[in-house]
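Observations on the model geometry
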Amino acid sequence: MSASTLPSSRSATAGAFTAEAFQAHLASLPAGLPAWWIERKRAAYERFASAPMPVRTDEAWRFSNLSGLTLDGFAPPPSVTATPQASIGIRKSARLVFANGRLFSREILDPHLEARGVIVDTLQQALLRHPELVREHLLAQPSRLGSAKFSALHEAFLVDGAFIHVPRGVEVELPIGIFTYASGTGAAVFPHTLIVAGENSRVTVVDYFGSTNEQEVQLAVGANDLYASHGAQLTYVGKQDWSHQALSFQSNSTVVRRDARVQSLNLHLGARQARHESLSQLQAPGAFSEMLALTVAHDDQEFDQRTLQIHQAPNTKSDLLYKNALLERSRTIFSGLIIVDPDAQKTDAYQSNRNLMLSDDAEANSLPGLEIQANDVRCTHGATTSRIDPEQEFYLQSRGIDKSAADELLTFGFFEDVLNRLSSDELHVALRNLIQTKFKR
Amino acid sequence: MSSLVIQDLHVSIGDKEIVKGLSLTIRSGEVHAIMGPNGTGKSTLAKVAAGHPDYTVTKGDILLDGASILEKEADERARAGLFLAFQYPSEIPGVSIANFLRAAVQARLPEGEEIDATAYYKRLYAKMDMLKIDRKFTSRAVNEGFSGGEKKRCEILQMAMLEPKFALMDETDSGLDIDALRIVAEGVNALRGPNLGVLLITHYQRLLNYIVPDFVHVMYDGRIVKSGDKSLALELEAKGYDWVKKELALANA
């Protein structure tokens, strides 16, 4: 089908990701990858190329700055030889570092980790060694929040990512750290993190995304797949700290099974424009998904967060709390939906978006939503937007604290209840320190 | 020796003139009390000196150690050595007293210098011990859910930590029962010394039983109309503000 047969307002745009670029990408992959994976990538490319870019009338893109969503001028970046600064000041059991889509280093720091059957490896290795595990879980969940085109782009151009599998009953004490860097102007990266927490296992993963230079124009199209099997406890902390000229799309999918618990906390600091979609599926009784997010938006940044909590079984629980601190001329969008399936009785779902306006020029948009088909449920949702009271500001100033230090203090005060939900003090401190770097710029 | 000099100060909020030509000099080591009926401009004086953005100085000047502070922002004035103890301190949800004070102490350090956390907590605990404040206090959010007495003690603790040259204490006694008043007054007395000048703003004489001033000024209709020593406060207590008003009327007749 040629583009001219489509109405002009819905024309499909591939930008820099042409059919030739895709062929070049396939040719660059190592030999021996499973045929089904290559086929899936080809199908994904077709979906990407034929899907239109979002338009204003798409409900899933309401309030988004569509003119910023350009795919032109990007290319798969060359390999990186310099050592990225891969440290977040916490003790870890293993560490994977990716730079420009390729593995940079892999360290297993807990000597017992592999003996206990824990796999911390690259997706490429996992595709060779554990193809069935990867096939079952990798990008297996639907894209329901509007970014089907970008999810397809991710799948088509995905080079490598992290694969973590924790076997039944194994508890990994220290977090596993994944560091993903983009380097160079025009670099397009497609990070992926796949975590499968086996029955009654316990693991914490910290996923960091950053650029080696703050001013480089980059594109990041990432995704993660989190699976918590029966009774598993999975904690996921994502830290998005891309270059301030980056365009970022991230799609997260969480599947929670019987009596399992997933706690995810996404910290959003970087990028010029960042879209973050998060889907939680509560598939069996006792499943609990805690979805947390903290955003510090400044300058002209836009953070666009779309969430979906789907309760597919009775006695499931979800608890979403997204907090945005907005400075200068920044914008945020939160759109959340809770869906309760007809037989998901005794669902307990909560959804809250809170915005702290630290500037009169900032703009926060909030669209909370519910779609309940069961009759015996407890669902609450709400959104609040609060401005700093001038008397509060004067009080802080009268103690010698200037506007920028006051903003920092108030932001931390605002974030405190979310940070306190982390059970690890070390992680709490590491997150605080990272947030602080944004105020030191 | 520092000085805070207020010269022929005129202050308006919107079109309304509230302070109408007030002059006052405070030196280090001195405690001045300003008394007067409600609505006479006492609190405005404290807020305008601290740099509250709602007020406009239309005439006159405020000099700290000889230099005008009127062009300085509130935070700059605070770092220069002014401290306002609020009548109604704001609540800062989620921000602990320890972190709040830490930010205030950090703000006074030279650019690029990081606060020494160990030394900071040592000093904070020493000040709390001196003011007989429980250490658990530091982890509470600033003024959130505090009783009137706790809010005022929090103000005194901040004053103790920030060691200002001049403290402007706005109706520190308001809303306090006699026990709380005594505790707060003990705190202020403990901080009194040759390096601190204090301006106590109060409606009632009773605070001055606990914090004995060196000078007492009576403020009425935007100016100081009578000054004296501590005996003036007692005379006011006995005769009431009507006495001042009558004297003024006679003088203006």
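In this report, we go over the structure that sits alongside the text. Keep in mind it's a predicted model, so treat the numbers as computed, not measured. (Residues numbered from 1 in each chain as written. Chains lettered and ligands numbered in written order. Predicted model: local features only at pLDDT ≥ 70, side-chain atom pairs only at ≥ 80, totals over all residues. Heavy atoms only, no water.)

As a further point, take helix H4 (residues 117-130) of chain B. Residue and element names in this part refer to chain B. Taking 1.5 Å as the rise per residue, H4 with 14 residues should run 20 Å; its terminal C-alpha atoms sit 20 Å apart, in good agreement. All of the buried residues along H4 are Tyr120, Leu124, Lys127 and Met128. Buried residues of H4, viewed axially, fall in a sector of 100 degrees; they line one side. Residues of H4 that are exposed and point more than 90 degrees away from the buried face comprise Thr118 and Lys122. Looking at the buried positions of H4, the neighbouring elements they touch are helix H3 (97-106) and helix H5 (148-162). (Helix = DSSP H or I, 4+ residues; strand = E, 2+ residues; numbered from the N terminus. Expected span 1.5 Å × (residues − 1). Buried < 20%, exposed > 50% of the residue type's maximum accessible area, 1.4 Å probe, protein only. Arc of directions from axis to C-beta. Contact = heavy atoms within 4.5 Å.)

Counting residues in each nonpolar core, the largest one holds 120 residues, and the members touching the most others are Leu157(B), Met169(B) and Leu200(B). Ranked by the residues each element gives to this core, the list is headed by helix H7 (residues 403-419) of chain A, at eight residues. Discounting residues that sit within four places of it in the chain, Leu200(B) has contacts with Val31(B), His32(B), Ala33(B), Ile34(B), Met169(B), Leu207(B), Leu208(B) and Ile211(B). In terms of nonpolar packing, the next biggest core, distinct from the first, is built from 44 residues, Leu33(A), Ile119(A), Phe157(A) and Ala188(A) among them. (Core = buried A, V, L, I, M, F, W, Y, C linked by side-chain atoms within 4.5 Å.)

Residue and element names in this part refer to chain A. Taken as a whole and judged by the stated rule, the model has 43 salt bridges over all chains. A salt bridge links Arg47 to Glu155; the nearest nitrogen and oxygen atoms lie 3.3 Å apart. A residue pair is termed long-range when its members are at least 10 positions apart, and Arg47 in helix H2 (residues 35-50) and Glu155 in helix H5 (residues 148-157) qualify at 108 residues. The exposure class assigned to Arg47 is partly exposed, which follows from its relative accessible area of 45%. Relative accessible area serves as the criterion here: at 7%, Glu155 is assigned to the buried category. (Salt bridge = Lys/Arg side-chain N within 4 Å of Asp/Glu carboxyl O.)

Looking now at the sheet that holds strand E1 (residues 94-99) of chain A. Sheet strands pair by backbone hydrogen bonding; their relative direction is either parallel or antiparallel. Residues and elements named next belong to chain A. With mixed pairing, the ten strands of this open sheet are ordered in space as E2-E1-E5-E8-E10-E12-E14-E16-E18-E20. Each edge of the open sheet is held by one strand with a lone partner, namely strand E2 (102-108) and strand E20 (378-387). The average undirected angle you get between the axes of adjacent strands in this sheet is 10 degrees. Strand direction decides the pairing type here: strand E10 (residues 233-241) and strand E12 (residues 261-268), joined by eight bridges, are parallel. Across the sheet, the residue bridging to Lys239 is Leu267, located in E12. In this fold H7 packs onto E12, strand E14 (288-297), strand E16 (317-326) and strand E18 (348-357), with an angle of close to 170 degrees to the strand it touches most, E16. Strands in contact with helix H8 (residues 425-439) are strand E8 (202-211), E10, E12 and E14; relative to E10, the strand with the most contacts, it is inclined by about 15 degrees. (Pairing = 2+ DSSP bridges. Axes fitted to C-alpha atoms, helices over the stretch in contact; angles between N-to-C directions.)

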